[in-house]
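# A closer look at the structure
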Amino acid sequence: MIKINEEQKIFDLSGKDFNYILAVNQFGYLENLYFGKKIEYTGFIKNFTEARGHGVCVSGERNRHADASQFMLEYSSVGAGDFRIPSIIVNQKSGARTCDLKYSSYKIVEKRFSSPLPKCRGGETLVISLTDESAGVTVDLYYTIYDDISAIVRSVNVKNMSNDEIYLDKAYSFNIDLPYDDYRITGLFGAHLKERSVESEKIMRGTHTLSSLRGVSSAQINPFIAVSDSYATENIGRVYGFNLIYSGNFELNVSLDEIDHLRINGGIASEDFGWFLKSGEEFETPECVIAYSDKGFNGMSAAFHDLYREHLINEKFVYASRPIVINNWEATYFNFDENKLKSIIDSVKGTGIDTFVLDDGWFGKRNDDTTSLGDWFANKEKLPDGLKSVSDYCHKNGLKFGLWFEPEMVSPESELYKHHPTWVVKIDGRSPCLGRDQLVLDLTNEKVVDFIVETISSHIENDGLDYIKWDMNRSITDQYSSTLLKENQKEFNHRYVLGLYSALKRITEKYPSVLIEGCASGGCRFDAGILAYCPQIWTSDNSDAYSRTRIQYGTSYCYPPSAMSCHVSVCPNHQTGRVTPFESRIAIASLGAFGFELDSTKLSDDERSAVKAACSSYRQDEVLLLGGDLIRLKSPFKDGYFAEMLVSKDKRRAKLTVMPPNSFGNDKFYFVRLYGLNENAMYRLNGQSVASGSALVHRGYYLPRVSGDYNTIVVYLEQTD
Ligand code: DGJ
């Protein structure tokens, strides 16, 4: 709900569990008065400017109590007395950069969805405009809230109101200043094969920046940061979570100043960024979701999950039964032919697996990863009858057909590169960096985007594709486009991301029933921007069940389980060499959009029966996975082992999955408190014993002792009445 006190210029935005209260101070600046647990609004809250400031006065004022560095600003620039990290830098015609943004107006609007930049749907949106007439700029701050979700969505539109060009060195999505209160920061860090590990630090004075300059949101640092009470756990404490809906270079800063004001701001990375705005033009930033929880990190994740499921992910897929995939990558790598593919398809008939995905190696002369990206026509040696023959075979046998592409890339050894050398990201006279022996296509060039859309469209239509795996296997270097003017070159990184979103938007709108799964060397571009177009993303190339407990645990901080594509693979695992029980691989993979990544022709009879049983129970539990709440109970990072529970929204059904620590001998008795159950209800466990919700929450569930390594325990809970 949005409540506005016109006279005092107070804006009170309330979501499910919070108030976010803004006001214009006597100097015209928009300040944050309060962001936190729901409170009854009383007039006393607007007491902000008295007794503040002994520093530089705000422009034109002789009041010694007006120090912009001490205001709790909602957006800020440089040169006007706020010396903290700014949200925007506006270069004006004269070369001056000073910009002093003061309140000018507000309005309630319907959000526009004309650009391909992903945005959350629905809710109520307030726009507050800040203006600096001398700099010729107006900044519209967008705030979207939802009555039933504990998150606020922010973004910014910058308008050039002057008669001259202006140049932005930086344009963040949001800024918020909060009083510091013994907080910590938490982020998701990693690398290929170990994406999104949860790490937490005490906040020091100065600035802590989390960013990616790889051209993709990256496995190294996810575009997420949380600020929480230092004692916060998964279930208690205040947590503010910030997640950018963006897939390219980003930065998120947390700065603690000398008077214990905490500034959190961020958006598109300001390194290697610039944007020209002609008179009258606008620049739109990506959205940032700010979640609030006073019930620990699980509460923060619930806000992100609910928002993304209800208002960001494609409505057609988000709650729909997902394909159970068999993917041939770990089964064959590049080494397959039509017969091999058909034998894989034959071997899964009747198991419940319903989609065959043909991975890398089906096109051009691709027998390893050095060649042919861009030559998206079937490899005649492997597939003499073309893709249609494999697709028809799938359809004849009741399976859907999915196909792998790496649309943003081109191999130097390819027909595409030979015919379109200028379509590549490179600089004349400089030999470009290769990554995995490949070059990046210039997605800032509309012709390249058209080529990608047309190529994929023709395969969807001619080869009957039901599903696409959209991969991207390198970071971007040599940022330059031959189609951009010299003065626009710093727009390259963001224009690339807009080109990507444009291609995805056009394809998903044209073929609404084709599911596109995101992928980038596993989970190197796992972010909310991709989720807007791809309801699920390949979580990691690491398919080892033990490693996956960590990766999926961290990923769930922001992204719902149904967004994580998770496959069962063979042992010893191809990435770690670890041997884990088949049941554990199934239990952990079925905590996401489920599938298999193995040579199903080699399954034993027992394994084949296990696959069949796994598909059937996955389907029974899928409603929990797609729409339930995920409650993290034991952290592989902090507690040394993994326990999570999926709970239906009405709390009548739940599924607990635990991978207890490996046995040492004479182990202690581990127990898990089942937060998230209805404490007033009785539950039947695995169809047998009955326990009260309150006992399961407060006394906890004692884990049976299991021998052997990497076992999992799965317990189903059903309310008895
Ligand atoms: C990286 C992906 O993450 C893998 O699943 C696979 O598709 C390979 N690329 C193929 O090159």
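To start, this report covers the structure provided alongside it.

Procedures and definitions
Residues numbered from 1 in each chain as written. Predicted model: local features only at pLDDT ≥ 70, side-chain atom pairs only at ≥ 80, totals over all residues. Heavy atoms only, no water. Near = heavy atom within 4 Å. Polar contact = N/O pair within 3.5 Å; in protein donor to acceptor, adjacent residues only side chain to side chain. Areas by Shrake-Rupley, 256 points an atom, 1.4 Å probe, with all protein chains shown as cover. Nonpolar A, V, L, I, M, F, W, Y, C, P; charged D, E, K, R; others polar. Pairing = 2+ DSSP bridges. Helix = DSSP H or I, 4+ residues; strand = E, 2+ residues; numbered from the N terminus. Axes fitted to C-alpha atoms, helices over the stretch in contact; angles between N-to-C directions. Salt bridge = Lys/Arg side-chain N within 4 Å of Asp/Glu carboxyl O. Buried < 20%, exposed > 50% of the residue type's maximum accessible area, 1.4 Å probe, protein only. Contact = heavy atoms within 4.5 Å. Parallel < 35°, antiparallel > 145°, perpendicular 65-115°, else oblique. Left-handed = near helix turned anticlockwise from the far one by under 90°.

## Digging into the site of the ligand
In the neighbourhood of the ligand, 13 residues make up the surrounding shell, with D359, D360, D471, G522 and D541 lying closest. N473 is positioned such that a nitrogen or oxygen atom in its side chain is 3.5 Å from a nitrogen atom of the ligand. The fraction of the free accessible surface of the ligand (290 Å²) that becomes covered by protein chains is 98%. Considering only residue class, the shell around the ligand consists of 4 nonpolar, 3 polar and 6 charged.

## What about the sheet that holds strand β36 (residues 690–692)?
In spatial order, the strands read β31-β32-β33-β38-β35-β36; together these 6 strands make up an open sheet with antiparallel pairing. Two strands lie at the open edges of the sheet, namely β31 (629–634) and β36, each paired on one side alone. Strand after strand, the sheet turns through a mean of 25 degrees between neighbouring axes, direction not considered. The pairing of strand β32 (residues 642–647) with strand β33 (residues 653–659) spans 6 bridges and is classified as antiparallel.

## A word on unusual backbone geometry
Cis geometry is adopted by the peptide bond preceding P572, which originates at C571 and carries an omega value of -5 degrees. As for its placement among the helices and strands, P572 is situated in the loop between β29 (564–568) and α11 (582–589). One non-glycine residue, D182, adopts positive backbone phi at about 55 degrees. Summarising the element assignment, D182 is placed in the loop between β10 (166–179) and β11 (183–189).

## Topic: the pattern of salt bridges
Under the definition given, this model contains 41 salt bridges. Here R263 and D177 are joined by a salt bridge, their closest N and O atoms 2.8 Å apart. Of this pair, R263 sits in strand β17 (residues 261–268) while D177 is found in strand β10, placing the two residues 86 residues apart along the sequence. R263 gets classed as buried once you look at its relative accessible area, which sits at 1%. Residue classification places D177 among the buried residues on the basis of a relative accessible area of 1%. In this structure, the salt-bridge partner of D354 is R619, at a minimum N-O distance of 2.7 Å. Of the two residues, D354 sits in the loop between α4 (338–348) and β22 (355–358) while R619 sits in helix α12 (residues 605–627), which places them 265 residues apart along the sequence. Relative accessible area serves as the criterion here: at 29%, R619 is assigned to the partly exposed category.

## Focus: the sheet that holds strand β2 (residues 10–14)
If you walk across this open sheet you meet the 4 strands as β1-β2-β3-β4, and the pairing is antiparallel. Where the open sheet ends on each side, the last strands, each with one partner, are β1 (2–5) and β4 (30–37). Ignoring strand direction, the axes of neighbouring strands in this sheet form an average angle of 15 degrees. Here β1 pairs with β2 via 4 bridges, running antiparallel. Bridge pairing links I2 to L13 in β2.

## Considering the environment of V239
Looking at the element boundaries, V239 is found in strand β15 (residues 239–244). Spatially, the C-alpha atoms of V239 and D260 are 18 Å apart, while their sequence positions differ by 21 residues. Leaving out residues up to four positions away in the same chain, V239 has contacts with A226, V227, S228, A232, A291, Y292, S293, G296, F297 and M300.

## A word on the packing of α4 against helix α5 (residues 386–396)
Following both chains from N to C, one finds α4 and α5 inclined at 15 degrees, their axes separated by 10 Å at the closest point. As the angle between them shows, α4 and α5 are arranged roughly parallel. As α4 packs across α5, the resulting crossing turns out to be right-handed. Where α4 abuts α5, its residues E338, L341, K342, I345 and D346 lie against S389, V390, Y393 and C394. Looking at the contact of α4 with α5 residue by residue, the classes come out as 5 nonpolar, 1 polar and 3 charged.

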